[in-house]
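# Inside the fold
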Amino acid sequence: MDNALAMSNHDVAVLILAAGKGTRLRSSLAKVLHHAGGRPLADHVVRACLPLHAKKIIAVVGHQAEQVSAVVEPLGAETVLQQPQNGTGHALLVSKRAIGNARYIIVLPGDAPLVRTETLRALLQKHKTGNAAATILTAVLADPAGYGRILRKSGDAVAAIIEESELTPDQRELNEINSSIYCFTAAKLWPALAHVKPNNKHREIYLTDAMSVLNSSGETVLAEIAPDPREALGSNTRADLAGVDRTFREWKRDQLMRDGVTIQLPETVLVDPDVTIGEDTILEPTVQLLGKTKIGARCTIRTGSVLRDATLGDNVLVEPHCVIDSSRLESEVVLGPFARLRPESHLLKGARVGNFVEIKKSTIGEGSKAPHLSYIGDAKVGSKSNIGAGTITCNYDGFSKHPTTIGNRVFVGSDSVLVAPVKLGDGAYIAAGSVITRNVPPDALGIARGRQSTKPNWAARKRRELSATSPHHPKKKPRKKRR
Ligand code: UD1
Ligand code: MG
């Protein structure tokens, strides 16, 4: 038996409750589509369930059903429509057919994304060994406000879950909360749920009410306390979302540090979940690494730089305040400070691109340099070429984009304008201040600018003329003669 099969749970159906609107977020976007830790909430929840290898993963969708389905289906979940959304218990009832004959049901809310697979395994284990009808994942919180509270009987057993709005003054002290993550034995859940009435101010069927029904019919309801209480946190408000995001970011940074990455002032550094970084790379404060960014070993990403979908080789230095988008930097490249790489830029080994240089859809060859104040778009630059300060490729004529091709060992003088399409051959030399509109062959000089003329003494003469006529420069009074 292979490993995956050994760990599979073919008698378990996973049900993710993701149909609600999220009224408390005050948003036009459904709650489970909000992002934390670089992914939509629902995406995290499905990912946590995947390694369980359950019989199926079902997401209950309703509000913005299409968009929610577009998040969960590519990950392997199927969907059930709950319309209207009459509560967490109702969400289970509408999914009964999809759940089919699974022996156990693991239920998760779509807004508690920090839960870990290991914790779900422990929940299922406890449920089976305790021979329970229901097992609730709980957490003990310093501030339990807003959550349903666990009312214990004795030991592990639970009498009921009391929703916040139903708490008696005494019960407000209870600090063990319901995460809304449960394991049920299907055959015991369905009859209990049939007894649950929408006896609350929202007129909803609460799944939480099934616990007291089970308990009073003599069934066992257990609680498993989450090893890290943050795993139980929901995301009902923007403040909740910010807290959940902070935890994801912290976990990601902790993982990177364990993998040999140095992070200075880690709480200021933001790294998306799919980012990978090699050993001995240093991230300075306030760096953001987004999307599918991949960074090699021994790189330094200095403060204020934002990289999205960037690929960096080894020993790359990104100076402060660079923006890199969907671009590739081979090893030993030095970038910035204040450089901007727009999509499809490729800097080959040892290239240097300096301050206030913007590059778009261009290749800069091995060891080539564009150190200051340039725009390079739709260009191919060979190796060991030098692009002088202020060089601009005019790649756009108002209708379409045109390429610029610069060979190897080309020297482009400062403040040159290269009007595309144009080619500069290997070893060519462009005089500073040229506007180049025609190809320059290899080893040739391209010069295209007004010829300088110098007029000796012109300035001095001009000054004399002007001071003679200007009212602001009156002639000096003649000195009185001494007697
Ligand atoms: C729920 C629990 C509460 C628990 C808390 C943990 C109930 C009645 N209360 O409260 O005990 O402490 O979670 O975070 O269950 N949903 C549907 N269909 C519906 C209603 C909700 O799919 O008809 C989904 C929501 O989209 C959400 C999840 O169920 O993902 C939980 O709903 P939510 O409104 O967040 O419940 P809480 O008030 O947080
Ligand atoms: Mg919630």
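See above for the structure.
Heads up: these notes are all about the structure in this document. All of these numbers come straight from a predicted model, not from anything done at the bench. (Residues numbered from 1 in each chain as written. Chains lettered and ligands numbered in written order. Predicted model: local features only at pLDDT ≥ 70, side-chain atom pairs only at ≥ 80, totals over all residues. Heavy atoms only, no water.)

### Description of the site of ligand 1
Formally: If a single non-hydrogen atom of a residue is within 4 Å of a molecule or strand, that residue counts as near it. Polar contact criterion, stated in full: a pair of N or O atoms within 3.5 Å, where within protein one must be able to donate a hydrogen and the other to accept it, and residues adjacent in sequence count only if both atoms are side-chain atoms. What sets the accessible areas is the Shrake-Rupley method with a 1.4 Å probe; for residues, cover comes only from the shown protein chains. Each helix is a run of H or I in the DSSP string that is no shorter than four residues. Each strand is a run of E no shorter than two, and both are numbered from the N terminus. As a working rule, the residues Ala, Val, Leu, Ile, Met, Phe, Trp, Tyr, Cys and Pro are called nonpolar, Asp, Glu, Lys and Arg charged, and the rest polar, with Gly in that last group.
If you check the shell around ligand 1, you find 23 residues, and the closest are Lys 31, Gln 82, Gly 87, Glu 163 and Asn 178. In this structure, an oxygen atom belonging to ligand 1 sits 2.9 Å away from a side-chain N or O atom of Thr 88. Asp 111 is positioned with one of its side-chain polar atoms (N or O) 3.0 Å from an oxygen atom of ligand 1. Considering ligand 1 on its own, with 760 Å² of exposed area, one finds that the protein chains cover 91% of that surface. Looking at the shell around ligand 1, the elements that each hand over two or more residues are strand E1 (9-18) and strand E10 (176-185). Of all the elements, E10 adds the most residues to the shell around ligand 1, at three residues. Of the residues assigned to the shell around ligand 1, the class counts are six nonpolar, 13 polar and four charged.

### Describing the pairing of strand E6 (residues 104-109)
For the record, the criterion: Only protein chains enter the accessibility calculation, which uses a 1.4 Å probe; a residue is then buried when its area is under 20% of its type maximum, exposed when over 50%, and partly exposed in between. For two strands to count as paired, DSSP must find a minimum of two bridges between them.
With respect to burial, E6 is a largely interior element, six of its six residues being buried. Every second residue of E6 is oriented toward a common face, with Tyr 104, Ile 106 and Leu 108 on one face and Ile 105, Val 107 and Pro 109 on the other, all of them buried. When E1 meets E6, the two strands line up parallel, connected through six bridges. Each residue of the ladder has a partner; that of Val 14, found in E6, is Ile 106. Pairing geometry for E6 and E10, over four bridges, is antiparallel. Residue pairing for E10: Ile 105 is matched across the bridge by Phe 184.

Bear in mind that shape data such as this cannot, by itself, settle questions of function.
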